[in-house]
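Now for the letters of each chain:
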Amino acid sequence: MATTTMSHQAIGSIVSHRPFKASQFLKEPLNVPMKSKRFKIEATASQISVVDNTFLSPSKNRPQESKKNSNEAALILIRHGESLWNEKNLFTGCVDVPLTQKGVGEAIEAGKKISNIPVDLIFTSSLIRAQMTAMLAMTQHRRKKVPIILHNESVKAKTWSHVFSEETRKQSIPVIAAWQLNERMYGELQGLNKKETAERYGTQQVHEWRRSYEIPPPKGESLEMCAERAVAYFEDNIKPELASGNNVMIAAHGNSLRSIIMYLDDLTSQEVTTLDLSTGVPLLYIFKEGKFMKRGSPVGPTEAGVYAYTKRLAQYREKLDAASQATLD
Ligand SMILES: O=C(O)[C@@H](CO)OP(=O)(O)O
């Protein structure tokens, strides 16, 4: 097996890191002249991203109950539930396989754990296992907003999926799918059985391919290369939303999330080798005054500790409880 690596720059050049400003979704009237020069199309054969300059202004005035005069926001990270290739113990990487029945259950359980935490925006990878996880998790949310995948891959896709009711937009959560959050590209390991690969190349070699920071699997991405695109995307597209007070959920993958957690927790390349994420377990961070505070995994919708994290989350929970009570009365 050859051990040359794929150029990361080649991956990074496919689409810019800043395709559009997602949080405008809930407040923008339709203003999409089909032939306007305001659209800059950045395209290659497989990926197209449309930069609509009218949608690039900062996200303000979004009328949402969880958005509040505070420089604080919640960030939820979820690794997708078990996939069919997790079940078969195959290297998956960028191969787009769905969840197993167990994975569906894990996504639903994850949703219950975050059902009282406000979510204004969802980011997922472009892979179905992450998207299924996000959607299934949101079926459990008490607020019952509808997650809607934004289709900005072409002007027509964007125009044809426009929502014309402001009230309906307010009851929706934009979902942004970004390839930069995809699982690391596992190169020539994709589709191989992990146990058989360890028997063939040695446990130590396979462990280095799977968990080291710098060492790429044959013709694949190292964690460092994966971090380069995932963390750049996080900094360019997700952090500004948190800084604007929007609560964000990211549904992604073992390694794209490891690289983001390395950034959030300031882990060294040595420390990240022991970081392993379970499928379907949500992790909560609070972003406050430019810093990320790790709050672990919310263990259940009734767990008092979750709501003690911040005043704002506690108030949100109180509102949900009051609304449920009003419905019962
Ligand atoms: O196969 C993969 O894509 C990943 C995640 O399932 O595997 P690993 O845990 O080896 O990084």
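Residues numbered from 1 in each chain as written. Predicted model: local features only at pLDDT ≥ 70, side-chain atom pairs only at ≥ 80, totals over all residues. Heavy atoms only, no water.

Colleague: Explain the overall build of the protein chain here, please?
Modeller: A count of helices and strands for the protein chain gives 12 helices and nine strands. Across the 329 residues in the protein chain, those meeting the buried criterion constitute 50%. About 14900 Å² of surface is accessible on the protein chain, with carbon and sulfur atoms providing 53% of the total. (Helix = DSSP H or I, 4+ residues; strand = E, 2+ residues; numbered from the N terminus. Buried < 20%, exposed > 50% of the residue type's maximum accessible area, 1.4 Å probe, protein only. Areas by Shrake-Rupley, 256 points an atom, 1.4 Å probe, with all protein chains shown as cover.)

Colleague: Explain the site of the ligand to me, please; I cannot follow it from the model alone.
Modeller: Close contacts around the ligand come from Arg79, Asn86, Leu90, Phe91, Thr92, Gly93, Glu183, Tyr186, Lys194, Arg210, Arg211 and Asn255, and that covers them all. The separation between an oxygen atom of the ligand and a polar side-chain atom of asparagine 86 is 3.1 Å. Here an oxygen atom of the ligand sits 2.8 Å away from a polar atom, N or O, in the main chain of threonine 92. Here the ligand has 310 Å² of accessible area as a free molecule, and 95% of this is covered by the chains. Partitioned by chemical class, the residues of the shell around the ligand number three nonpolar, four polar and five charged. (Near = heavy atom within 4 Å. Polar contact = N/O pair within 3.5 Å; in protein donor to acceptor, adjacent residues only side chain to side chain. Nonpolar A, V, L, I, M, F, W, Y, C, P; charged D, E, K, R; others polar.)

Colleague: How should the pairing of strand β8 (residues 282–288) be read in this particular structure?
Modeller: Strand residues, when the strand is regular, have side chains that alternate between the two faces of the sheet. Most of β8 is tucked away, with five of its seven residues classed as buried. Summarising the sheet, strand β3 (residues 72–79) and β8 pair through seven bridges and their orientation is antiparallel. Counted as the bridge partner of isoleucine 76 is leucine 284 from β8. Bridge analysis of β8 against strand β9 (residues 291–294) gives four bridges, and the strand direction is antiparallel. Across the sheet, phenylalanine 287 pairs through a bridge with phenylalanine 292, a residue of β9. (Pairing = 2+ DSSP bridges.)

Colleague: So what exactly am I meant to see when it comes to the pairing of strand β6 (residues 172–177) here?
Modeller: Most of β6 sits out of view: five of its six residues are buried. Examined bridge by bridge, strand β4 (residues 121–124) and β6 share three bridges and lie parallel to one another. Its bridge partner being in β6, isoleucine 122 is matched across the sheet by valine 175.

Colleague: Would you mind showing me how to read helix α9 (residues 223–243) here?
Modeller: The axis of α9 is deflected most strongly, by about 40°, at glutamate 235. One or two steps after α9, the chain reaches glycine 245, where phi turns positive at roughly 90°. (Bend = angle between axes of the 7 residues up to and from the residue.)

Colleague: Could you clarify how one ought to interpret the packing of aromatic side chains in this entry?
Modeller: The geometry of two aromatic rings is summed up by the distance between their centres and the angle between their planes. Using the criterion set out here, one finds six aromatic pairs in the structure. With a centroid separation of 6.0 Å and 75° between ring planes, the pair formed by phenylalanine 123 and tyrosine 233 is classed as edge-to-face. Linking phenylalanine 123 in strand β4 with tyrosine 233 in helix α9, this pair joins segments that are 110 residues apart in sequence. Aromatic side chains phenylalanine 234 and phenylalanine 292 sit 5.8 Å apart centroid to centroid with 55° between the ring planes, which places their arrangement in the tilted category. A residue pair is termed long-range when its members are at least 10 positions apart, and phenylalanine 234 in helix α9 and phenylalanine 292 in strand β9 qualify at 58 residues. One exposure class covers both phenylalanine 234 and phenylalanine 292, and it is buried. What links up through ring pairs into an aromatic cluster is the set Phe234, Tyr263, Phe287 and Phe292. Stacked on the ring of tyrosine 186, the Lys or Arg arginine 184 has its end atom at 4.6 Å from the ring centre. If you follow lysine 194 out to its NZ or CZ, it ends over the ring of phenylalanine 91, 5.3 Å from the centre. (Phe/Tyr/Trp six-rings, centres within 6.5 Å; stacked < 30°, edge-to-face > 60°. Lys NZ or Arg CZ within 6 Å of the ring centre and 35° of its normal.)

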